[in-house]
Amino acid sequence: MMDSNDLIVIGAGPGGYVAAIRAAQLGMKVALVEKEEMLGGTCLRVGCIPSKALLESSEKYAEAKHGLAAHGVKVGALELDLAAMLKRKDAVVKGLGSGIDALMKKWKIARLRGVGRFVAADASGVTVAVEGTAGGASGGGGAANATQELRAKKAIVATGSKVAMIPGLEVDGERVGTSTEALSWPSVPRRLIVIGAGAIGLEMGSVWARLGAEVTVLELLDRILPGMDGEIAADAKKILERQGLKFRLGVKVKRTARDAANQAEAIVEIALPDGGSEVLRAERVLVAIGRAPCTDLLGLDAVGITLERGRIPVDERFATRVPSIHAIGDVIRGPMLAHKAEEEGIACAEWIAGRHGHVNYDAIPSVVYTTPEVAGVGKTEEELVAAKVPYKKGLFQFRGNGRARAANTIEGRVKVLAHAETDRLLGVHLFGPHASELVAEAAVAINFHASAEDLARCCHAHPTLSEAVKEAAMAVSGSAIHA
Ligand code: NAI
């Protein structure tokens, strides 16, 4: 049994490693348990970061192909070096991974390599068994498959999520794969079928469409990007279609498998809304139908924690029904987003240290990194209608913004939703250039309980894209200048 810790964090994704750092900053002795060699979780290894690296590179390729001529820049024969693109992506991931290692050393967080499992929990704390390769603070070395027991006053579960599956989907990792495989395909598929029009489907679909694949996105619902504002998502669909993505909405995928007769292809059987079915074929199939919490290896039964709808129930301080065990991120309620997990990691560490942690769930932005980007924060228009909240709406098109015109990125618009009586900002949704960055000011404004007028009266630099957000806020009271 290792020396007693103040805190054991299980899972070193953006929720877990951030919680570990915050706890160390607050004076706790922290051990961080992670089964993978690289810290950073799905987000860094096979999620947010590598996908953004490929989105950035493929966007440069697409721009050189279609976008630079309008700026008077002529490009000669354009060639794709996919191997170099993938190598750059891997280097970005590796660099950030080393950065997290350095942060662990800086904050003297003991890193243990292996699968963490609860053995016991009582009033004095928790015991966690770590099965696998026991590493030191550097993460290396140690005996393979050694089991070590750790004791701590508190534990935080931050084990994240894995790709959700449904019966009938045969994922072989080659013809039919998940986002993990889609980040490393060594050649551009001629035809790609994406199952699911959520963030992963649209982002990875965009990458491969830009690089030359014929991409069809199959979606169960009658719209794309469920959860995002419907009007903005409908705008996004039109522009993505213009970029070459094909959508088939209202189709349920029943079965996928590698084609037994032609190993170079996969088949996808879909159920049509009229009750019929159809078989589609493609060189690659990407399954992106959501994610499921990783809770099965934690030994939750041993400490008496039962899941509710697949997630670990927690109170507002992130404590489970066992007071010494907390949980954050994708394993608890709420959206499965890296930045939500980070906020919860910080707040949870602060509660454990006796401080007052806080996460404002009304101000968590969500972003889909297509071109243009889709982003939103606060309530969607559908949510306000469903809750019968009276609201006013201001819209502003990027084509009325000087900076967007100068950059030739005029597609998209900003929508501001404010309470009809109090003018309080309720939601901001946008589709357009750098929407991922622009949504931050809306999140700040919502956090500070600003009104649409507060946002409208803030001076924004000219010419910037952020003026479109200001103008949409002005449009709430019918006073937009450039519309
Ligand atoms: P998602 O839940 O966002 O979208 C999955 C889509 O698949 C939904 O539209 C759903 O209706 C559809 N679907 C489900 N079953 C189907 C079936 N049998 N046939 C056809 N369509 C079906 O899930 P996604 O895109 O896999 O992302 C997983 C998680 O990761 C989400 O929580 C997402 O928010 C997060 N994520 C966030 C990103 C971002 O913030 N940019 C990027 C990537 C992932």
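See above for the structure.
My aim in this report is to walk through the structure given alongside it, one point at a time. (Residues numbered from 1 in each chain as written. Predicted model: local features only at pLDDT ≥ 70, side-chain atom pairs only at ≥ 80, totals over all residues. Heavy atoms only, no water.)

### So, the site of the ligand
Close contacts around the ligand come from 23 residues, with Ile200, Glu203, Glu219, Gly290 and Val367 the closest. Between Ala199 and the ligand, the recorded distance is 3.3 Å, taken from a backbone N or O atom to an oxygen atom. For the ligand, a nitrogen atom lies 2.8 Å from a polar atom in the side chain of Glu203. Calculation on the ligand without its partners gives an accessible area of 840 Å², and the protein chains cover 80% of this total. Among the elements of the structure, helix 6 (199–210) and strand 10 (214–219) are those that each provide at least two residues to the shell around the ligand. No other element matches helix 6, which puts three residues into the shell around the ligand. Residues that form the shell around the ligand fall into these classes: 17 nonpolar, three polar and three charged. (Near = heavy atom within 4 Å. Polar contact = N/O pair within 3.5 Å; in protein donor to acceptor, adjacent residues only side chain to side chain. Areas by Shrake-Rupley, 256 points an atom, 1.4 Å probe, with all protein chains shown as cover. Helix = DSSP H or I, 4+ residues; strand = E, 2+ residues; numbered from the N terminus. Nonpolar A, V, L, I, M, F, W, Y, C, P; charged D, E, K, R; others polar.)

### Observations concerning the sheet that holds strand 14 (residues 277–282)
Spatially, three strands are ordered 12-13-14 in an open sheet, and the strand pairing comes out antiparallel. Both edges of this open sheet fall to strand 12 (252–258) and strand 14, since each of them pairs with a single strand only. Ignoring which end each strand starts from, the neighbouring axes of this sheet average 20 degrees apart. Where strand 13 (residues 266–271) meets strand 14, six bridges bridge the pair, whose relative direction is antiparallel. When the bridges of strand 14 are listed, Val268 appears paired with Leu280. (Pairing = 2+ DSSP bridges. Axes fitted to C-alpha atoms, helices over the stretch in contact; angles between N-to-C directions.)

### So, helix 1 (residues 14–25)
When the terminal C-alpha atoms of helix 1 are compared, their 16 Å separation across twelve residues agrees well with the 16 Å that a helix rising 1.5 Å per residue should span. With eleven of twelve residues buried, helix 1 lies mostly within the body of the structure. Listed in full, the buried residues belonging to helix 1 are Pro14, Gly15, Gly16, Tyr17, Val18, Ala19, Ala20, Ile21, Arg22, Ala23 and Ala24. Buried-residue contacts for helix 1 involve strand 1 (5–10), strand 2 (30–34), helix 2 (41–46), helix 4 (82–106), strand 6 (146–157) and helix 8 (338–352). Downstream of helix 1 by a residue or two, Gly27 has a phi angle that is positive, lying close to 95 degrees. (Expected span 1.5 Å × (residues − 1). Buried < 20%, exposed > 50% of the residue type's maximum accessible area, 1.4 Å probe, protein only. Contact = heavy atoms within 4.5 Å.)

### Describing the pairing of strand 10
Within strand 10, five of the six residues are buried, leaving the element largely enclosed by the surrounding structure. For the crossover from strand 9 (residues 191–195) across helix 6 to strand 10, the handedness is right-handed. Pairing of strand 10 with strand 11 (residues 246–249) involves four bridges; the strand directions are parallel. Note that in strand 11 the partner of Glu219 across the bridge is Leu249. Viewed along the sheet, the connection from strand 10 through helix 7 (residues 230–242) into strand 11 turns out right-handed. (Right-handed = clockwise from strand over helix to strand, strands pointing away.)

### Re the packing of helix 3 (residues 48–67) against helix 4
Close contact between helix 3 and helix 4 brings their axes to 9 Å; oriented N to C, the two are set at 145 degrees. For helix 3 against helix 4, the interelement crossing comes out right-handed. The segment helix 3 lies against helix 4, with Ile49, Pro50, Ala53, Leu54, Glu56, Ser57, Ser58 and Tyr61 engaging Met85, Leu86, Arg88, Lys89, Val92, Val93 and Leu96. Within the contact of helix 3 with helix 4, the residues separate by chemical class into ten nonpolar, two polar and three charged. (Left-handed = near helix turned anticlockwise from the far one by under 90°.)

### Observations regarding the pattern of salt bridges
Two side chains that carry opposite charge are able to pair once their charged atoms sit near each other. Within the structure shown, the criterion is met by 33 salt bridges. Residue Lys52 is joined to Glu203 by a salt bridge in which the shortest nitrogen-to-oxygen separation is 2.8 Å. Placement of Lys52 in helix 3 and of Glu203 in helix 6 is noted, with a sequence separation of 151 residues between them. Overall, the relative accessible area of 7% leaves Glu203 in the buried class. The salt bridge partner of Arg333 is Glu344, with a shortest N-O separation of 3.5 Å. With a gap of eleven residues between them, Arg333 in the loop between strand 17 (325–327) and helix 8 and Glu344 in helix 8 connect regions that are remote in the sequence. With a relative accessible area of 33%, Arg333 lands in the partly exposed category. When its relative accessible area of 0% is taken as the criterion, Glu344 is described as buried. Salt bridges linked by common partners bring Asp229, Glu231, Asp235, Glu381, Lys393, Arg413 and Lys415 together as one network. (Salt bridge = Lys/Arg side-chain N within 4 Å of Asp/Glu carboxyl O.)

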